Amino acid sequence: MVALSKVILALVASALLLSRPSAAHPGLGFGWGGGSGGSGGGHGLLPEYYLYSCPQVNDIVVSVLEQAIEREPRMAASLLRLHFHDCFVQGCDASVLLDDSATIASEKRSQPNANSLRGFEVIDEIKAKLEEVCPGIVSCADIVALAARGSTVLSGGPNWELPLGRRDSRTASLTGSNNNIPPPNSTIQNLITLFQRQGLDEADLVSLSGGHTIGVARCTSFKQRLYNQNGNNQPDATLERNYYQDLKTVCPRSGGDNNISPLDFASPVKFDNSYFKLILWGKGLLTSDEVLLTGKVGKTMNLVKVYAEDESHFFQQFARSMIKMGNISPLIGFNGEVRKNCHHVN
């Protein structure tokens, strides 16, 4: 009996060692360690979920991401956004990846996603490589979550221990996508309400908005601020004057809707806290960025200032909030499925 208990203890110890990354290669070992955000395996998700069934999962995800982001640095932001737009509709279940079919109205057609959501081909490439190595094991929902974390880390942002084990939905919700994803012209109250609907608070709202430290936005999402913010044919008074003049050259009054501008022009491909500094200077690109400060909600105003001053504090909260967002209503156990092709149900 004593001998058996020693064997069990040895097995547990070796499993724990396997699940920890080597110090020499942080970010390449399975699980990427505790990172800034600590552990968080709510809803039956576990960081070690693929430890035995597909131990190479993270290395494969990172190798594809490294090439994709090197080809197009903007892709990191696109993949982070893809996870956000997935989790806010039916939970983190890869419903956003489903194409139109006889039974599915694709979320890709929704107002927030049409001609805007990107990165599907990178998810497909990761999925194809994982299917070669461990077929039928890794869900599309987990791939989206892993790609979001990898994109953050590869852009210089925080790392976190990512709970895994999500399964893929057999349904999508075009209506949910239209109604649940915060539009770029949101008021602060609208943002708070939409986040609360997902179980996320003001700290989550401000830190996750900080994901706009990388990426770009189309002219159509900020044109209103330049020419007709309050229905009076006047610009948004909170816009810093020189920044306003610069944006008008990118985004004319008529046409140019697909022209793009960095969400954080100070460091558009580096994950840092300059996004919050720009907001303090009246240089947040979207209404939904600037109202974190100007919306006169004490908690969000204070957090913008705190994160602008202390990047490590922002990183820690971003990691916590990403774990929390990734835990929104996942399908686990026998619910859902593991799709063979991320675009179609099995």
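This text goes with the structure placed above it.
Quantities reported herein were computed from a predicted structural model and do not represent experimental measurements.

Calculation notes
Residues numbered from 1 in each chain as written. Predicted model: local features only at pLDDT ≥ 70, side-chain atom pairs only at ≥ 80, totals over all residues. Heavy atoms only, no water. Phe/Tyr/Trp six-rings, centres within 6.5 Å; stacked < 30°, edge-to-face > 60°. Helix = DSSP H or I, 4+ residues; strand = E, 2+ residues; numbered from the N terminus. Buried < 20%, exposed > 50% of the residue type's maximum accessible area, 1.4 Å probe, protein only. Lys NZ or Arg CZ within 6 Å of the ring centre and 35° of its normal. Axes fitted to C-alpha atoms, helices over the stretch in contact; angles between N-to-C directions. Parallel < 35°, antiparallel > 145°, perpendicular 65-115°, else oblique. Contact = heavy atoms within 4.5 Å. Nonpolar A, V, L, I, M, F, W, Y, C, P; charged D, E, K, R; others polar. Polar contact = N/O pair within 3.5 Å; in protein donor to acceptor, adjacent residues only side chain to side chain. Lys, Arg positive; Asp, Glu negative; His and termini not counted. Salt bridge = Lys/Arg side-chain N within 4 Å of Asp/Glu carboxyl O.

## Description of the packing of aromatic side chains
Thought 1: This model, assessed by the stated rule, comprises 15 aromatic pairs.
Thought 2: Centre to centre, the rings of Phe314 and Phe318 are 5.9 Å apart; their planes meet at 65°, and the pair counts as edge-to-face. Of the two residues, Phe314 and Phe318 both sit in helix H14 (residues 311–326), four residues apart, roughly one turn of that helix.
Thought 3: The exposure class assigned to Phe314 is buried, which follows from its relative accessible area of 0%.
Thought 4: Counting every residue linked through ring pairs, the aromatic cluster contains Trp160, Phe271, Tyr275, Phe276, Tyr307, Phe314, Phe315 and Phe318.
Thought 5: The ring centre of Phe120 lies 4.4 Å from the NZ or CZ of Lys108, which sits over that ring.

## Structural notes on the packing of helix H8 (residues 202–209) against H14
Thought 1: As a packed pair, H8 and H14 sit with axes 9 Å apart at the nearest point and diverge in direction by 110°. The pairing of H8 with H14 is recorded here as roughly perpendicular in orientation. Where H8 abuts H14, its residues Ala203, Asp204, Ser207 and Leu208 lie against Phe314, Gln317, Phe318, Ser321, Met322, Lys324 and Met325.
Thought 2: Taken together, the residues of the contact of H8 with H14 break down into six nonpolar, three polar and two charged.

## A few points about the environment of Tyr227
Thought 1: Mapped onto the fold, Tyr227 is located in helix H9 (residues 223–227).
Thought 2: Given a relative accessible area of 9%, Tyr227 falls into the buried group.
Thought 3: Each C-alpha atom of the pair Tyr227 and Pro252 lies 9.1 Å from the other, and the pair is 25 residues apart in sequence.
Thought 4: The residues contacting Tyr227, other than those within four sequence positions of it, are Asn233, Gln234, Pro235, Lys248, Cys251, Pro252 and Arg253.
Thought 5: For Tyr227, the side chain forms a polar contact with the main-chain oxygen of Cys251, separated by 2.6 Å.
Thought 6: Side-chain polar atoms of Tyr227 contact the backbone nitrogen of Arg253, separated by 3.3 Å.

## Observations concerning the side chain of Asp289
Thought 1: In this structure, Asp289 sits in helix H12 (residues 287–294).
Thought 2: It turns out Asp289 is buried and unbridged, and the closest side chain with the opposite charge, Arg225, is 6.4 Å from it.
Thought 3: Excluding anything up to four places from it in sequence, Asp289 contacts His212, Leu263, Tyr275, Ile279 and Gly284.

Any link to function would need more than the numbers given here.
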